[in-house]
Amino acid sequence: MNDSRNTATAPAGHDGRFERGLEILRQVSGVQQPAVLESLATIAPDLARLTVEFPYGDVYARPGLTLAQRQLATVAALTALGNAAPQLRFHLDGALNVGCTPAEIVEVLIHTCGYAGFPAALNGITVAREVFQARAGLDFRPTVTPSGEDRFARGSAALSAIDGRAGELVIASLRDIAPDLARYIIEFGFGDIYARPALDLRTRELVTVAMCTALGTAGPQLRVHLHGLLNTGGTREEAVEVITQMAVYAGFPAALNGITAAREVFAARDADGERDGDGERDSGGDA
Amino acid sequence: MNDSRNTATAPAGHDGRFERGLEILRQVSGVQQPAVLESLATIAPDLARLTVEFPYGDVYARPGLTLAQRQLATVAALTALGNAAPQLRFHLDGALNVGCTPAEIVEVLIHTCGYAGFPAALNGITVAREVFQARAGLDFRPTVTPSGEDRFARGSAALSAIDGRAGELVIASLRDIAPDLARYIIEFGFGDIYARPALDLRTRELVTVAMCTALGTAGPQLRVHLHGLLNTGGTREEAVEVITQMAVYAGFPAALNGITAAREVFAARDADGERDGDGERDSGGDA
Amino acid sequence: MNDSRNTATAPAGHDGRFERGLEILRQVSGVQQPAVLESLATIAPDLARLTVEFPYGDVYARPGLTLAQRQLATVAALTALGNAAPQLRFHLDGALNVGCTPAEIVEVLIHTCGYAGFPAALNGITVAREVFQARAGLDFRPTVTPSGEDRFARGSAALSAIDGRAGELVIASLRDIAPDLARYIIEFGFGDIYARPALDLRTRELVTVAMCTALGTAGPQLRVHLHGLLNTGGTREEAVEVITQMAVYAGFPAALNGITAAREVFAARDADGERDGDGERDSGGDA
């Protein structure tokens, strides 16, 4: 409770959620007095308390994902939604504060263009540029990779690693109606983007699940990439965690619909006796 | 027609829709010459006329919801969409003009965070703060409530009042895959938010139906909360009215898909012989 | 490759996509050194290269739609999404650069209000006004049409031309639950908007397919307007092209879900032996 004396929020309960949340919010924001508390003091102090208690005290405090993983997922989701620039700025800064590298962050932003389009990715980069420039000593030199040859072969390999069967079905289903769209997905989506070295496939799939859940308009693709997350070393616990986290950024309906997709994917894998990611073995049964 | 002489819009028809709409737009905007008319004069005067005729002359002029209810629904929807700050500002001001209290408005904004996430709610609050500050004499002291104990019990009671059966099913379905998400929905969504005193359950459900319709990504939740609106005293007429109003803010597809949900919910209740809200009895058969 | 010397992008591959894309981007932007390349140079030069290669080198370079048609579709989609103002500004300017008239552009923006709501349309107009004002010599006098009489009859005629059967079914399905919404769709949506002279029905349907695909929340309406596009002279190739283009602005999931809708509509028409638009006959079989 002594923490709340320093802030302009309403009195917290006795369950320790506010204190726990404030500690995490301080890590993410990098300051002792996060601005969101002060800015809400005169109009909605209860919302300030709720913002500390639920997103940070409940969700971010959970095991299952690191703060760095959570920040990358949030950055991807807010970039894809494209309608929350102040929060995207905060969490881009927060990603740096919890140990994400500028290169990882830029790579997540580039990754969003396949799922939310180029405008979303470009506007995310604009905010990131401002955040990076505000840090005088930030050491960042952008990766420059050639587009290179063999985009189709490279993309096919990435797609195969992510989700051989479901991915193949999507591509096959386009053959009679939009074969070039299928080729673009392989060459551009998987060959140009997924195959880039700065982010591993598991992290790409984690942020893809975050984006598809938050957007709420990509149900079939969410299912494909839940398989993809589990096929590239991710766990069911991680899937449930990142979907749950989206309740904070896109609301409970988005998270609930994401869980519905996860339930179907998990059941399908159980029925097929499929093996999930290696990480599965250390995850507890609580997800 | 003499009204249109004073404005920069195109000539209106003879059906009185423009005059009726302008009168309502004046009430909502609080000014005799609403700025939207002048601002469109040089580029799209027909759109100015259409903006008066359809949203105000057709929709807002309808019985079934008060102007205050309509403004709260619009504020909720625009906050949830998160991509129309100028219009949110206009309708926050409009809500005050038609008699909504600052406390009600803030409560609607806090309510949005469960359905559209914290960024949406926080950005809505930012605009509201500016609107409130621009009114020199506005008497507003924010409600400060403690988070208190018994969040789960309080949330369960609110959920039960809103929709015993459907809500229970959602919670039960999460038990094997994301039990903590179920707990958050009860403790945070219903215990922290719905149970707050500044807005009654019926109004909460009305604005929830508005938000879920406008977002277009929350089909299952729209159905749950249509039941909720009818279970907390709302009427079928109110449900159809608020869905119809969303055609103005999110387009006809959103409204049409909302009506499809309503049709299913009404049919299910007819089949079950369920009793709708008390208000149902005075509503005419025109909805 | 000599083009890339003049820009700040990463080295392009040997497949000519960069050079081809840059040429088209120059046409759309109206400048030799498009700003997007420079602005990304210090943070994500690879994204600059990808922005030239995929949207312009792959998608815009395709036959099947003119650059003017593509720009109108993009303007409609970005206006409807409402979360990408910088790109909307660029493509409004781009639409003028590739030969769209100001009147056509304004008409597309007015058209969006039926599908994405008035806030989207009004915010699009605000950006267009700034773009038009920045062009000193732009010759534009807005069309002013009276609302006129017989809105219902005029709307019914437009609806009938677009999609007699499917449209009738939608209207009929509203009769028992929201008959006034049905009337508004006919009077306002089709009578006030579609019947305006500045844009032909085929172009209206093309940009409607673009919007519904990009929004991702209007599945039933996307199907109705795919029929509408084919009923008003559009081709299956055009439908597939405009859906594919939405991968650029709303991501691959949006485009894939759009193709799923197109596949269903095409199959239904094949089963019914229905005749598509006149243009169908000259389109190749590659779509």
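Treat the numbers as computed from the prediction; the structure is a model and nothing was measured.

Rules used throughout
- Residues numbered from 1 in each chain as written.
- Chains lettered and ligands numbered in written order.
- Predicted model: local features only at pLDDT ≥ 70, side-chain atom pairs only at ≥ 80, totals over all residues.
- Heavy atoms only, no water.
- Helix = DSSP H or I, 4+ residues; strand = E, 2+ residues; numbered from the N terminus.
- Rg over C-alpha atoms; globule rule 2.2 N^0.38 Å.
- Buried < 20%, exposed > 50% of the residue type's maximum accessible area, 1.4 Å probe, protein only.
- Contact = heavy atoms within 4.5 Å.
- UniProt positions renumbered as here; feature names shortened; annotations may be inferred.
- Least-squares fit on C-alpha atoms with pLDDT ≥ 70 in both.
- Phe/Tyr/Trp six-rings, centres within 6.5 Å; stacked < 30°, edge-to-face > 60°.
- Expected span 1.5 Å × (residues − 1).
- Axes fitted to C-alpha atoms, helices over the stretch in contact; angles between N-to-C directions.
- Parallel < 35°, antiparallel > 145°, perpendicular 65-115°, else oblique.
- Nonpolar A, V, L, I, M, F, W, Y, C, P; charged D, E, K, R; others polar.
- Buried area = accessible area lost by both parts, 1.4 Å probe.
- Salt bridge = Lys/Arg side-chain N within 4 Å of Asp/Glu carboxyl O.
- Polar contact = N/O pair within 3.5 Å; in protein donor to acceptor, adjacent residues only side chain to side chain.
- 1 Å grid on protein atoms, 1.4 Å probe; cavity = no way out; pocket = protein on both sides within 12 Å on 5 of 7 lines; lining within 4 Å.
- Points joined across faces, edges and corners; volume = space filled by probe spheres on them.
- Core = buried A, V, L, I, M, F, W, Y, C linked by side-chain atoms within 4.5 Å.

Caption draft 1: Representation of the overall build of chain A within the structure. Secondary structure assignment for chain A yields 14 helices and zero strands. When the helices and strands of chain A are placed in sequence order, the string is α-α-α-α-α-α-α-α-α-α-α-α-α-α. Taken over C-alpha atoms, the radius of gyration comes to 20 Å for chain A, in line with the 19 Å a tight globule of 287 residues would show. Each of the three principal axes of chain A carries a C-alpha extent, and together these read 65 × 45 × 30 Å. Burial status across chain A gives 62% buried among its 287 residues. The contacts in chain A between residues at least 6 apart in sequence include a share of 74% that link residues at least 24 apart.

Caption draft 2: Here's a closer look at the UniProt feature "domain: Carboxymuconolactone decarboxylase-like" (unreviewed entry) in chain A. In the numbering adopted here, UniProt assigns the feature "domain: Carboxymuconolactone decarboxylase-like" (unreviewed entry) to residues 45-130 and 179-264 of chain A. Along residues 179-264 of chain A the backbone is 84% helical and 0% strand, and the end-to-end C-alpha distance reaches 28 Å.

Caption draft 3: Structural view of the relation of the copies chain C and chain B. The two copies are related by a screw motion: chain C maps onto chain B through a turn of 120 degrees and a shift of 0.0 Å along the axis, at an RMSD of 0.0 Å. In symmetry terms, the pair is related by a three-fold rotation axis. Residue N83 of chain C, judged by its C-alpha, is the member of chain C lying nearest the rotation axis, at 3.3 Å. Take the interface residues of chain C: only 2% of them recur as interface residues in chain B, which is what a contact between different surfaces looks like.

Caption draft 4: Quick peek at the packing of aromatic side chains. This model, assessed by the stated rule, comprises 27 aromatic pairs over all chains. Geometrically, the ring pair formed by F54 of chain B and F118 of chain C is stacked, given 6.2 Å between the ring centres and 25 degrees between the ring planes. You can see F54 of chain B sitting in helix α4 (residues 45-60) and its partner F118 of chain C sitting in helix α8 (residues 118-133), one on each of two chains. Relative accessible area serves as the criterion here: at 1%, F54 of chain B is assigned to the buried category. Among the residues examined, F118 of chain C registers a relative accessible area of 3% and is labelled buried. Here F252 of chain B and F188 of chain C contribute two aromatic rings whose centre-to-centre distance is 6.1 Å and whose plane-to-plane angle is 50 degrees, an arrangement assigned as tilted. Of the two residues, F252 of chain B sits in helix α14 (residues 252-272) while F188 of chain C sits in helix α10 (residues 179-194), which places them in two different chains.

Caption draft 5: Spatial organisation of helix α8 (residues 118-133) of chain A. Compared with an ideal rise of 1.5 Å per residue, which puts 16 residues at 22 Å, α8 of chain A spans 22 Å between its outermost C-alpha atoms and is within 8% of the ideal. With 13 of its 16 residues buried, α8 of chain A lies for the most part within the structure.

Caption draft 6: Highlighting the packing of helix α2 (residues 17-29) of chain B against α4 of chain B. All names here are of chain B. Relative orientation of the contacting elements α2 and α4 amounts to 85 degrees, with a least axis distance of 7 Å. The angle between α2 and α4 places the two elements in the roughly perpendicular class. Residues R17, F18, R20, G21, L22, I24, L25 and V28 of α2 pack against R49, V52, E53, F54, Y56, G57, D58 and Y60 of α4. Considering only residue class, the contact of α2 with α4 consists of nine nonpolar, two polar and five charged.

Caption draft 7: Layout of the interface of chain A and chain B. The interface of chain A with chain B comprises 52 residues on the first partner and 46 residues on the second. Roughly 3900 Å² of surface becomes buried between chain A and chain B when both sides are summed, with 64% attributable to carbon and sulfur atoms. One can count two salt bridges joining chain A with chain B. At the junction of chain A with chain B, the criterion picks out 14 residue pairs in polar contact (both at pLDDT 80 or more). Take the side of chain A that touches chain B: its biggest share by element is 11 residues, from helix α4 (residues 45-60) of chain A. Class assignment for the residues of the side of chain A that touches chain B results in 31 nonpolar, 12 polar and nine charged.

Caption draft 8: Broad picture of the layout of surface pockets. Reported here for the second largest pocket is a volume of approximately 580 Å³. Every residue lining the second largest pocket is counted, 29 residues in all, and those nearest its centre are V36, P86, Q87 and F90 of chain B together with L122 of chain C. Of all the secondary structure elements, the ones that give two or more residues to the lining of the second largest pocket are α2, α3 (35-40), α4, α6 (85-97), α8 (118-133) and α13 (236-250) of chain B together with α8 of chain C. A per-element tally of the lining of the second largest pocket places α6 of chain B first, with seven residues. In the lining of the second largest pocket, the residues fall into 17 nonpolar, eight polar and four charged.

Caption draft 9: Seen up close, the nonpolar core. Counting residues in hydrophobic clusters, the biggest one holds 299 residues, and the most contacted among them are L181 of chain A, L181 of chain B together with L181 of chain C. Ignoring anything within four residues of it in the chain, the contact list for L181 of chain C reads T244, A247, F252, A255, L256 and I259 of chain B together with L174 of chain C.

Caption draft 10: Broad picture of the interface of chain C and chain B. The interface is formed by 47 residues belonging to chain C together with 52 residues belonging to chain B. Both sides together, the interface formed by chain C and chain B hides about 3900 Å², and carbon and sulfur atoms give 64% of it. Of all residues in chain C, F118, I177 and Y184 of chain C give up the largest surface area on contact with chain B, accounting jointly for 18% of the area buried on that side. Our count for the chain C to chain B interface comes out at two salt bridges. Across the pair R62 of chain B and D180 of chain C runs a salt bridge, and its minimum N-O distance is 2.6 Å. Where chain C packs against chain B, one counts 14 residue pairs in polar contact (both at pLDDT 80 or more). Sort the elements by how many residues they give to the side of chain C that touches chain B and α10 of chain C lands first, with nine residues. The residue inventory of the side of chain C that touches chain B, partitioned by class, reads 28 nonpolar, 12 polar and seven charged.

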